[in-house]
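Reading the structure
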Amino acid sequence: MKKILQFGNKILTTPSVLADINSKETQKIIKELLETVETVKDHSGGLSAPQIGYNKRIALCRRMDLEEENKSKKIIWEVMINPVITKKSSEISTFWEGCLSVSNGGLFAEVARASEITVKFFDKDGKEKVLEAKGYFSHVVQHEVDHLDGILFLKYVPDPSELYTAEELERED
Ligand SMILES: [Zn+2]
């Protein structure tokens, strides 16, 4: 299990380079990502290579769509190597987002993003895949691809007073 880097670390704001799809290093990073996310899975939608110290374009995205549609009761992590968002809807949706690299996932804000996207990537076996994502899953994919570009969700939260702790959110309900 690797330590999850926290906001302020330069690796998180450095754009990542393309990963070599079939390399040993890529497989090692995927293994470390899967091991690390297992320790935090209850409050995680994804994890990207820069968050564990590698500026390579590799990320895990939790298949929230399958969980929402009740197609899967267990958590499935989609391994995405070199993901590219090829289509974004002009329609926008807003969801609460947090990040394991921002106060260890303890701060949340409402973030507006494209409500539907198409993402193209290579899976862990090096096969090209295309997925259409909507709802919260669409936000998860955009959040993780942002990490690969050195962008944290804080970029979309210009006013710090719009950040909430989990306790504050519960009190609001
Ligand atoms: Zn994040």
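Here, every reference points to the structure presented above.
Nothing here was measured: the structure is a model prediction, and the numbers come from that model. (Residues numbered from 1 in each chain as written. Predicted model: local features only at pLDDT ≥ 70, side-chain atom pairs only at ≥ 80, totals over all residues. Heavy atoms only, no water.)

1. A short note on helix α1 (residues 24–38)
Residues spaced three or four apart along an α-helix face the same direction, because each turn holds 3.6 residues. In this model α1 runs 21 Å from its N-terminal to its C-terminal C-alpha over 15 residues, within 8% of the 21 Å that 1.5 Å per residue would give. Residues of α1 that are buried make contact with β1 (46–48), β2 (58–62) and β3 (77–88). (Helix = DSSP H or I, 4+ residues; strand = E, 2+ residues; numbered from the N terminus. Expected span 1.5 Å × (residues − 1). Contact = heavy atoms within 4.5 Å.)

2. Some points on the sheet that holds β3
Taken together, the five strands give an open sheet; going across it, the order is β1-β2-β3-β6-β7, and neighbouring strands pair in antiparallel fashion. Looking at strand neighbours, the two that pair on one side only are β1 and β7 (128–134), the edges of this open sheet. Taken pair by pair, the neighbouring strands of this sheet meet at an average axis angle of 40 degrees, ignoring direction. Where β2 meets β3, five bridges bridge the pair, whose relative direction is antiparallel. (Pairing = 2+ DSSP bridges. Axes fitted to C-alpha atoms, helices over the stretch in contact; angles between N-to-C directions.)

3. Remarks on the sheet that holds strand β8 (residues 164–165)
Hydrogen bonds between backbone atoms are what pair the strands of a sheet, whose relative direction is either parallel or antiparallel. Spatially, the three strands line up as an open sheet ordered β4-β5-β8, and their pairing is antiparallel. Each having just a single partner strand, β4 (92–97) and β8 make up the two edges of the open sheet. One ladder, built from six bridges, connects β4 with strand β5 (residues 107–114); its direction is antiparallel. Its bridge partner being in β5, Thr94 is matched across the sheet by Ala112.

4. Observations concerning the coordination of the zinc ion
Within the protein, Cys99 (SG), His143 (NE2) and His147 (NE2) serve as the donor atoms for the zinc ion, at 2.1 to 2.3 Å. Along the chain, the residues donating to the zinc ion are arranged with the sequence spacing C-x43-H-x3-H. Of this pair, Cys99 sits in the loop between β4 and β5 while His147 sits in helix α3 (residues 135–148), and the two are 48 residues apart along the sequence. The pair Cys99 / His147 is uniform in exposure class, with both members buried. (Donors = N, O, S within 2.8 Å, 3.2 Å for Na, K, Ca; no water. Buried < 20%, exposed > 50% of the residue type's maximum accessible area, 1.4 Å probe, protein only.)

5. Remarks on the pattern of salt bridges
All told, the structure shown has eleven salt bridges when counted by the stated rule. Several salt bridges share partner residues, and in doing so they unite Arg63, Asp65, Glu78 and Lys129 into one network. (Salt bridge = Lys/Arg side-chain N within 4 Å of Asp/Glu carboxyl O.)

6. Description of the packing of aromatic side chains
Counted according to the given criterion, the structure contains two aromatic pairs. Ring plane angle 75 degrees and centroid distance 5.3 Å describe the contact between Phe95 and Tyr136, whose orientation is recorded as edge-to-face. Taken together, the residues Phe95 in strand β4 and Tyr136 in helix α3 connect sequence positions 41 residues apart. Overall, the relative accessible area of 28% leaves Phe95 in the partly exposed class. With a centroid separation of 5.6 Å and 80 degrees between ring planes, the pair formed by Trp96 and Tyr164 is classed as edge-to-face. Of the two residues, Trp96 is situated in strand β4 and Tyr164 in strand β8; the sequence distance between them amounts to 68 residues. Here Tyr164 falls in the partly exposed class, since its relative accessible area comes to 22%. (Phe/Tyr/Trp six-rings, centres within 6.5 Å; stacked < 30°, edge-to-face > 60°.)

7. Focus on unusual backbone geometry
Here Asn82, not a glycine, exhibits a phi torsion of approximately 50 degrees, which is positive. Looking at the element boundaries, Asn82 is found in strand β3. Phi at Ser103 takes a positive value of approximately 55 degrees, unusual for a residue other than glycine. When you line up the elements, Ser103 lands in the loop between β4 and β5. On the basis of relative accessible area, Ser103 is assigned to the partly exposed category, the value being 45%.

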